[in-house]
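# A structural walkthrough
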Amino acid sequence: MPPSPLKVALPAILAALLSAPPLAAQGTPATATASAEIDLEALLARMTTAEKVGQLVQRMGGRQRALNSRLTPEELDLVRAGKVGSFLHVAGAEPLRELQRVAVEESRLGIPLLFAMDVVHGYRTIFPVPLAIAATWDPADAESAARIAAREASAAGLHWTFAPMVDVARDPRWGRIVEGAGEDPFLGSAMAVAQVRGFQGASLAAPDTLMAATKHFGAYGAAEGGRDYAGADISERTLRETYLPPFEAAAAAGTASYMTAFNALGGVPVTGNAALLRGLLRYEWGYDGVLVSDWRSIDELIAHGVAGTRTEAARLALEAGVDIDMVSDVYAEEVAALAEADPALMALLDEAVLRILRAKRDLGLFADPFQYHDTAREAAVMLAAEHRAEARRIAERAIVLLENSGKVLPLAKDAGKIALIGALADDAPSALGSWKARGLPEDVVTLRAALEAAHPGVTYVAEGVDAALAAAIAADVVILALGEDFDRTGEARSFAEIGLPREQKELLFKVLEVGKPLVVVLMGGRPLAAPELSGLDEAAVLGAWLLGVESGPALVSTLFGDNNPAGRLPATFPRASGAVPFAYDQLPSGRPADEDLANDTVRWRDQPTLPLWPFGHGLSYTTFGYGELTLDRANIPANGGTVTVSIPVTNTGERPGEEVVQLYMRDPVASVSRPVKQLRGFRRVPLQPGETRTVSFTLSAAHFALWAQAGAWMVEPGAIELMAGGASDRIEARATLTIEGEHVSDRSPASIPVESSVD
Ligand code: BGC
């Protein structure tokens, strides 16, 4: 069995890499498009050390990340001198054409620049936040949003987005949970692949695609206590099985770059972590694309306490395999002297330069450096009608019906007088969420605007308990917008308390006393600990996230039943801030949870252990029934067999609707303790009333592998339990598969796509 590369001594890795054939001889990476026009090795041979270092330098276009693509004369001189390889936070087809012109016409070698930005969930047409897109449980929606974002951003002169953010997040105190796909590595892998495809399209050289930067490699989401930038200290099994799969899936999908995480893993800051970057990512996974640091994270190696000087920080990052220094200027100041004094470092510098030049070639920049600067295209695509329509469709699909007691929803078209209460109902900036690129609040149709346009009798009260109660008393139904605004989630937005704010709870309780049918529209970018919202009479709760420019219309069509909600939670909603992290794929424990307080089991004493709303949860205006789970064979060999798992699902209610059929596995007896459930398939299925369709998933033996104690992926012999249902806590059918023999697999099971079909 091969030893884990993380355990291989670093000098051995470096020696192996340095004795490897030169990059150009290793063949074209998966993402590359053939382009015979430029001989990059020859170009490298002509570069001075200073010009080589320049390619590694990324500068910001404006001060403090404010967008400014018109540079100062001093900045332009740096470009002319070949001292900059890329810019971030710049935009605009015309100003970037001029900047590119300076690079290609006025620098000695004429190497084009790369222009980058965080285009995360839209550029001008802002889609739901990524956590909400994950709630569609439909990778096609994630791909479509990324495709449109790329179309708009590339028209504004951009080549490169710092997305997708694929960090698995199981601690909702961490504000960056909003940027990713939630808690599950399998769902997260599917969303990662979809976004890489959406951004990069079929060819990076096409003028309407962007290079993706999958971030933040490798366990940024495991920051201790949910505090942003805090270190992660997790086992290698947890790293490999939970945090890395979406990154691994993105590599297989051809992501052209990765970004390192700010934080440390097991005490070693990732940006200087050679075992993780050069060992695991480059050597073990064979990844040969660009690796960019996070914002000043090379310089931050000093604050982390692993480098005493900027020179040491530069050496650590270069040795670890970081190609581009985002804005800290450590490489700009330090690498030339280091490389000239040490041939091994010069070889690493050359490799880094080649990787960056290859990315520029693959983007088509050597062939035509101005193809991203068509102002007519820029004017035509921004907020195009079809982009807005897609933003609305995806927003509708992201909404999760969390509660619906007394069937308050959908509202009748003649619902009478509606009291709409809460400032979030008319908060356009919040609809845009974190990372809004060039999104504008005036592009947003808020819930208030859409509801007033759709319904005659709406009284809106932003704030003030008295006015809110008066409106509730006069109304036939109350819609209460609760939750968090855009500024509570995102980078550096970690909170120890993630319940509803006190004023919102008081307002809720007072409104409940009025006794009118109530709809809570729960907004925000994280799972909130809001136990007040469950178990109410005659109350519905819509999980409404931060839904982008078409928030209001998507919510109104859902309130009145034109859209039957079918989103599902991509992350657990806890009952209390102290009950996190808690993900559905718990290990079983020697004393499984038992709510009987007479027994000592793995639970809290002061509240139920089960979450408020579990992973995969989401209701519908119709109901669904399941048949039996069948397998096309009862046994498969560990070394390559496949099994097709099928289950019929019926719409047993009276409205058309969509069910998200979820397939989970468990390995009941293995060499290491296995999670009680692990997602291994999902499919969103539209069903007419009375209609039955059969959903099938085809899995290979490799989907059942585990990270064994020996440090390898093992498919072990024995039983695998398969479970299907509509949520992680609603298993409707089970079957058992037997694996014969054992086999070493080469990839994390959660990163391997599962084919599904619907008959
Ligand atoms: C964030 C990254 C982002 C970068 C550039 C950093 O602070 O962590 O996600 O890509 O800034 O904006």
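Residues numbered from 1 in each chain as written. Predicted model: local features only at pLDDT ≥ 70, side-chain atom pairs only at ≥ 80, totals over all residues. Heavy atoms only, no water.

### Thoughts on the nonpolar core
Inclusion rule: To form a nonpolar core, buried Ala, Val, Leu, Ile, Met, Phe, Trp, Tyr and Cys residues must be joined to one another through side-chain atoms within 4.5 Å. Per-residue accessibility, obtained with a 1.4 Å probe over protein chains only, is compared with the maximum for each type, and a residue is labelled buried under 20%, exposed over 50%, and partly exposed between these values. What counts as a helix is a DSSP run of H or I of at least four residues, what counts as a strand is a run of E of at least two, and both are numbered from the N terminus. Contacts between residues were defined by any pair of non-hydrogen atoms, one from each residue, lying within 4.5 Å.
Core analysis: the largest hydrophobic core is formed by 84 residues, its most contacted members being W160, F217, Y258 and Y331. Of all the elements, helix α15 (residues 343-362) adds the most residues to this core, at ten residues. Residues contacting F217, with those up to four places away along its chain left out, are L244, F247, Y258, M259, T260, A261, V270, L276, L277, L280, L281 and W285. Grouped together as the second largest cluster of nonpolar side chains are 70 residues, L401, L522, A540 and F560 included.

### Topic: the site of the ligand
Applicable threshold: The criterion for a residue being near a molecule or strand is simple. One of its heavy atoms has to lie within 4 Å of it. In protein, a polar contact means a hydrogen-donor-capable atom and an acceptor-capable atom, both N or O and within 3.5 Å, with residues adjacent in sequence counting only if both atoms are side-chain atoms; elsewhere, any N or O pair within 3.5 Å suffices. Residue-level accessible areas treat just the shown protein chains as cover; the underlying method is Shrake-Rupley with a 1.4 Å probe.
Near the ligand you find 15 residues, and of these D118, R176, H216, D294 and E491 are the closest. Here an oxygen atom of the ligand and a side-chain polar atom of H89 are 3.0 Å apart. For the ligand, an oxygen atom lies 2.6 Å from a polar atom in the side chain of D294. Relative to its free-state accessible area of 320 Å², the ligand is covered by the protein chains to the extent of 100%.

### Points about the layout of surface pockets
Quick reminder of the rule: The way it works is a 1 Å grid over only the protein atoms, where trapped points that fit a 1.4 Å probe form a cavity and open points with protein on both sides within 12 Å along at least five of seven lines form a pocket, and then any residue with an atom within 4 Å of a point lines it. Grid points are joined across faces, edges and corners, and a volume is the space filled by probe spheres set on the points.
Considered as a void within the structure, the largest pocket measures approximately 790 Å³ in volume. The dominant element in the lining of the largest pocket, judged by the number of residues it contributes, is helix α9 (residues 236-243), at five residues.

### A few points about the pattern of salt bridges
Quick note on the threshold: We count a salt bridge whenever a side-chain nitrogen from Lys or Arg sits within 4 Å of a carboxyl oxygen from Asp or Glu.
One pass over the full model with this rule turns up 51 salt bridges. The partner of R176 in a salt bridge is E179, and the shortest N-O contact between them spans 2.6 Å. With a relative accessible area of 2%, R176 lands in the buried category. Under the relative-accessibility criterion, E179 is labelled buried at 4%. Here R448 makes a salt bridge to D426, at a shortest N to O gap of 3.2 Å. Taken together, the residues R448 in helix α19 (residues 447-454) and D426 in the loop between β12 (418-421) and α18 (428-432) connect sequence positions 22 residues apart. Linked through salt bridges whose partners overlap, the residues forming this network are D138, D141, E390, R393, R397, E658 and R684.

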